Amino acid sequence: MNGTQHAHPRPGSGSGSDSGPGSVIVVGSGPTGLLLAGDLATAGIPVTLVEKRPRRISNLSRAFVLHARTLEQFDARALADDMEAVGRPLDRLRLFGRLSVDLADLPSRFRHLLVLPQYEVEKVLERRAVAAGVEFRHETETTGVRQDPAQDTVTVEVRGPGGKTETLRAAYVVGADGMHSTVREAVGLPFPGRSAIRSVVLADVRLAEQPETLLSVNAVGDAFAFLAPFGDGYHRVIGWHRGRNVPDSEPLHLDEVKEITRRALGRDFGMHDPRWLSRFHSDERQVPAYRVGRVFLAGDAAHVHTPAGGQGMNTGLQDAANLSWKLAAVLHGHAGSGLLDTYQSERHPVGRSVLRSSGGIVRLAMAKRPWTLALRAALTTVLDHVGPLRRRATGHITGVGFRYPAPRGSHRLTGTRVPDVALAGGGRLYEALRGGRFVLITPHAPTPDAAPPPAASTAPAPDAEAYGAAAGREDRLAVAHWASGRRTTLLVRPDGYVAWAEEEAETARTEAALDAHVG
């Protein structure tokens, strides 16, 4: 943007529309695309969101779980309370058999997972995106993507309502258009991998008998089943039977869903009145590069994996949280384009890790051979009795345990996620992060009379003027003090990870770090 305002293109405005050199086109209005577009628009970046579906929130979704790290990201956007008000918390995630993950000791404000259908998440994110000024192009299909290095732009060919073709241009394009991504195909990226599970059945049903637990999941012998509530009187059932390997096009009847559920969960809960029945196959795939020039991929366009552990939607939302602030910083001129390369180096390893772990959970859940059954039993025992391994597994599934690569010689905290630490005056970190800002947390200056902490972290800290307003950073940097006597100076990125840290940092060193990271 750099001080220049650019008008958003409007449907029917002609064969070509230019959103300007400081704009972004997001393709796909699922959770990943909505969060990304909302973040960018909130940061003052013109955003056009292209979606081939009509403007409606579909309840035909497979995702049902928000993990702690995602809830933290929503908290940093003042959205977590809205999600918590609609969803239902669960402090233990059962994976299969006796193996479950206890979340009560999770190092997070959110010591639970939240059972919340994807469409409810989309409602909240869409409201935010609309309020922030995102321009939506529904019933508009992306037909091509072309980069123009000479002009530092990307051209997106679209076909709108009635078949009208149009050309859109922007500085960057993000493909969040799902497993069958048109954007990924347009930039020539392969999507290597394989089908992990075939002929998975999916049904939305009413139940005559309510399950004892909020989420019901188990694998017994050749069958697996998952049961979760929508909150509107219907439940989602996902099931699989080893002996029923048929094409996705094979008709599905409720009796088959009932049989699989009885095998895995012991009873079918009196399922009746299905409103949706279908089959699908679950793939494990990851694109080799999340960035090609000025085009990025996020969410299912970049990686797909089995639904085990409920990590799919969460991983995509974390992609969006990582990329949005970087695009905004570059487009506002506060960072060089090299910052965008860190999207690949930070998020691709996470996607690969999730792909492996979710696949591992499924293979153990479906174990049949004696050696795999023995491995499953051993793993259950180890996780039950070995605290460090249990905490590591819990951190991986919930997302709070991931850290990003740090430059050689960096402080040990660099690249780590920061929990919602207390700030002086009763504030907390994730409130200070709101608005997409960096947060600099500094120690209290020692005083002869041991004065109490300054009131309210939202008020300027004593050194806020020097580091923020006086340096022209007040729009992208909040400065606060630790509520404790900690002596570490910590620079927290807008996505809640440590950009820089130092013990007993001198002012000059802190200022140099701010120049390097905040601009």
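Residues numbered from 1 in each chain as written. Predicted model: local features only at pLDDT ≥ 70, side-chain atom pairs only at ≥ 80, totals over all residues. Heavy atoms only, no water.

Caption draft 1: Molecular detail of helix H13 (residues 507–517). The set of residues buried in H13 consists of Thr510, Ala513 and Leu514. For H13, the angular spread of the buried residues around the axis is 100 degrees, confining them to a single face. Opposite the buried face of H13, at more than 90 degrees from it, the exposed residues are Ala508 and Ala516. Once H13 finishes, Gly519 follows within two positions and takes phi at roughly 90 degrees, a positive value. (Buried < 20%, exposed > 50% of the residue type's maximum accessible area, 1.4 Å probe, protein only. Helix = DSSP H or I, 4+ residues; strand = E, 2+ residues; numbered from the N terminus. Arc of directions from axis to C-beta.)

Caption draft 2: Representation of the side chain of Thr261 within the structure. Considering the arrangement of structural elements, one finds Thr261 in helix H6 (residues 254–265). Residues contacting Thr261, with those up to four places away along its chain left out, are Ala225, Val237, Gly266, Arg267, Asp268, Phe269 and Met271. (Contact = heavy atoms within 4.5 Å.)

Caption draft 3: Structural detail: the packing of aromatic side chains. Taken as a whole, this structure holds 7 aromatic pairs when the rule is applied. Ring geometry for Phe64 against Phe230: centres 5.0 Å apart, planes inclined by 65 degrees, an arrangement best described as edge-to-face. On the criterion of sequence distance, the pair formed by Phe64 in the loop between strand E3 (47–50) and strand E4 (65–66) and Phe230 in the loop between strand E16 (223–229) and strand E17 (235–241) is long-range, its members being 166 residues apart. Judged by relative accessible area, Phe64 falls into the buried class, the value being 3%. Looking at Phe230, the relative accessible area reads 4%, which means it is buried. Residues Tyr404 and Tyr497 carry aromatic rings whose centres are separated by 4.4 Å and whose planes lie at 35 degrees to one another, so their mutual orientation is tilted. Residue Tyr404 is located in the loop between helix H10 (387–398) and helix H11 (429–432), and its partner Tyr497 is located in the loop between strand E24 (488–492) and strand E25 (498–503); the two are separated by 93 residues in the primary sequence. The ring of Tyr234 has Arg275 lying over it, and the distance from NZ or CZ to the ring centre is 4.1 Å. (Phe/Tyr/Trp six-rings, centres within 6.5 Å; stacked < 30°, edge-to-face > 60°. Lys NZ or Arg CZ within 6 Å of the ring centre and 35° of its normal.)

Caption draft 4: Broad picture of unusual backbone geometry. For Asp273, which is not glycine, the phi dihedral falls at a positive 50 degrees. Checked against the element boundaries, Asp273 lands in strand E18 (residues 272–286). Of note in this structure, Glu504 is not a glycine but carries a positive phi near 50 degrees. Within the secondary structure layout, Glu504 lies in the loop between E25 and H13. Judged by relative accessible area, Glu504 falls into the exposed class, the value being 53%.

Caption draft 5: Representation of the packing of helix H2 (residues 68–75) against helix H7 (residues 312–331) within the structure. Running from amino to carboxyl end, H2 crosses H7 at an angle of 40 degrees, the nearest separation of the two axes being 9 Å. Regarding the angle of H2 to H7, the classification is oblique. Of the two possible hands of crossing, H2 and H7 adopt the one that is left-handed. Here Arg69, Thr70, Gln73 and Phe74 of H2 come into contact with H7, specifically with Asn314, Leu317, Gln318 and Ala321. Partitioned by chemical class, the residues of the contact of H2 with H7 number 3 nonpolar, 4 polar and 1 charged. (Axes fitted to C-alpha atoms, helices over the stretch in contact; angles between N-to-C directions. Parallel < 35°, antiparallel > 145°, perpendicular 65-115°, else oblique. Left-handed = near helix turned anticlockwise from the far one by under 90°. Nonpolar A, V, L, I, M, F, W, Y, C, P; charged D, E, K, R; others polar.)

Caption draft 6: Geometry of the nonpolar core. In terms of nonpolar packing, the biggest core is built from 66 residues, with Leu66, Phe74 and Tyr172 touching the most fellow members. No other element matches H7, which puts 8 residues into this core. Setting aside anything within four residues of it in sequence, one finds Leu66 in contact with Leu71, Phe74, Met83, Leu113, Leu114, Leu116, Val121, Met313, Asn314 and Leu317. Counting residues in each nonpolar core, the second largest holds 27 residues, with Ile197, Leu202, Leu215 and Ile238 among its members. (Core = buried A, V, L, I, M, F, W, Y, C linked by side-chain atoms within 4.5 Å.)

Caption draft 7: Looking closely at the sheet that holds strand E2 (residues 24–27). With respect to topology, 6 strands assemble into an open sheet ordered E9-E3-E2-E13-E20-E19, the strand pairing being mixed. Here the strands that pair on one side only, and so sit at the sheet edges, are strand E9 (135–137) and strand E19 (291–292). The pairing of E3 with E9 spans 3 bridges and is classified as parallel. Within E9, the residue paired with Val50 across the bridge is Arg137. The sheet strands contacting helix H1 (residues 31–42) are E2, E3, E9 and strand E13 (172–175), and the helix crosses E3 at an angle near 165 degrees. Sheet strands in contact with H7 are E2, E13 and strand E20 (295–297), and its direction is about 175 degrees off that of E13. (Pairing = 2+ DSSP bridges.)

Caption draft 8: Just the side chain of Gln73, in detail. Among the secondary structure elements, Gln73 is positioned in helix H2. In this structure Gln73 touches Gln318, Ala321, Asp495 and Tyr497, once residues within four positions along its chain are discounted.

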